[in-house]
Amino acid sequence: MTALTIRPADSGDAAAVAAIYAPIVRETAISFEAEPPTTATMAERIETTLPVYPWLVAISGDRLLGYVYAGEHSGRAAYRWSVNVTAYVAATARGQGVGRRLYGVLMAILQAQGFRSAFAGITLPNQASVGLHEAIGFEPLGVYRQVGFKLGAWRDVGWWRLALANGDGAPSEPKPFAALRETAGFRELLA
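Here goes a summary of the coordinates provided. These numbers were taken from a predicted model, which means no experiment stands behind them.

Ranked by size, the top nonpolar core spans 53 residues in total, and within it Leu56, Val85, Leu106, Met107 and Leu110 carry the most contacts. Residue contributions to this core peak at eight residues, all from helix H3 (residues 98-113).

To continue, consider the environment of Thr39. Mapped onto the fold, Thr39 is located in helix H2 (residues 39-49). In sequence terms Thr39 and Ala16 are 23 residues apart; their C-alpha atoms lie 8.4 Å from each other. Excluding residues within four positions of it along the chain, Thr39 makes contact with Ala14, Ala15 and Ala18.

In the contact formed by H3 and helix H4 (residues 127-135), the axes pass within 10 Å of each other and the chain directions differ by 40°. By the angle class used here, H3 and H4 are oblique. As H3 packs across H4, the resulting crossing turns out to be right-handed. On H4, the residues touching Gly99, Arg100 and Tyr103 of H3 are Leu132, His133 and Ala135.

Now for H2. Those residues of H2 that sit buried are Met42, Ala43, Ile46 and Thr49. For H2, the buried positions fall inside an angular range of 135° around the axis, keeping them on one side. Relative to its buried face, H2 has exposed residues pointing more than 90 degrees away, namely Ala40, Glu44 and Thr48.

Among the eight residues in strand S5 (residues 117-124), six count as buried, and that is most of the element. Pairing analysis gives three bridges linking strand S4 (residues 82-89) to S5, with the strands arranged parallel. Within S5, the position partnered with Asn84 by the bridge is Phe119. One crossover worth recording links S4 to the parallel S5 by way of H3, and it is right-handed. Bridging between S5 and strand S7 (residues 153-163) involves eight bridges; their strand directions are antiparallel. Considered in S7, the bridge of Phe119 is made with Arg161.

With that out of the way, let us pick up the packing of aromatic side chains. Pairs of aromatic rings are described using the distance from one ring centre to the other and the angle between the two planes. Tallied over the full model, the rule gives 10 aromatic pairs. Ring centres 5.8 Å apart and planes at 25° place the aromatic pair Tyr53 and Phe115 in the stacked group. Of this pair, Tyr53 sits in the loop between H2 and strand S2 (55-60) while Phe115 sits in the loop between H3 and S5; the two residues are 62 residues apart in sequence, bridging distant segments of the chain. Taking relative accessible area as the criterion, Phe115 reaches 3% and is therefore assigned buried. Ring centres of Tyr103 and Phe138 lie 6.0 Å apart, and the angle between their planes is 40°; this geometry places the pair in the tilted category.

Rules behind the numbers
- Residues numbered from 1 in each chain as written.
- Predicted model: local features only at pLDDT ≥ 70, side-chain atom pairs only at ≥ 80, totals over all residues.
- Heavy atoms only, no water.
- Core = buried A, V, L, I, M, F, W, Y, C linked by side-chain atoms within 4.5 Å.
- Buried < 20%, exposed > 50% of the residue type's maximum accessible area, 1.4 Å probe, protein only.
- Helix = DSSP H or I, 4+ residues; strand = E, 2+ residues; numbered from the N terminus.
- Contact = heavy atoms within 4.5 Å.
- Axes fitted to C-alpha atoms, helices over the stretch in contact; angles between N-to-C directions.
- Parallel < 35°, antiparallel > 145°, perpendicular 65-115°, else oblique.
- Left-handed = near helix turned anticlockwise from the far one by under 90°.
- Arc of directions from axis to C-beta.
- Pairing = 2+ DSSP bridges.
- Right-handed = clockwise from strand over helix to strand, strands pointing away.
- Phe/Tyr/Trp six-rings, centres within 6.5 Å; stacked < 30°, edge-to-face > 60°.

So, in structure tokens, the structure goes:
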């Protein structure tokens with residue numbers, strides 16, 4: 001694989017992102033969506049995420065190999081220091097460190113924004129995803145049993161947490177991703 005570049009996504013990445021995600025939606029229980037989102041829907045998701053939360057892509061040569069993003073954990077105000085995170089890697093690039101690299105950059109950005117906890121929900125069984133999350137420090141919290149029905153069976157979802165910050169003091173407001181991108185040190189976070 002040629003050098004891997006991590007950068008913020010934009011709506012121009014939507015077709016490649018949708019292409020990675022579509023077989024996961026159609027052929028597996030990993031995603032609970034019933035139909036793969038269109039390119040236009042994916043572009044809208046990227047654009048609506050970016051003002052507040054990061055959405056990153058991994059590029060090698062001219063190929064988009066994977067993506068990660070963060071989003072709101074819950075709409076209640078007291079949850080605003082917590083995020084849910086998701087990673088997807090193209091089938092041809094799995095097992096090559098793309099997911100780990102994407103997550104490493106994502107977590108550095110989330111810390112710089114001032115978030116405290118990252119949560120990941122994983123449809124079980126999925127040893128590859130569990131292994132990735134635990135390798136970067138996520139700790140298991142528990143399992144929602146039979147929470148979704150897909151591909152003819154009830155599915156469990158396990159939840160994992162990664163601490164992004166520690167301490168008991170009152171936190172500062174998280175910095176929006178759009179504002180962080182304007183800071184002098186943002187480029188170093190992508191390395």
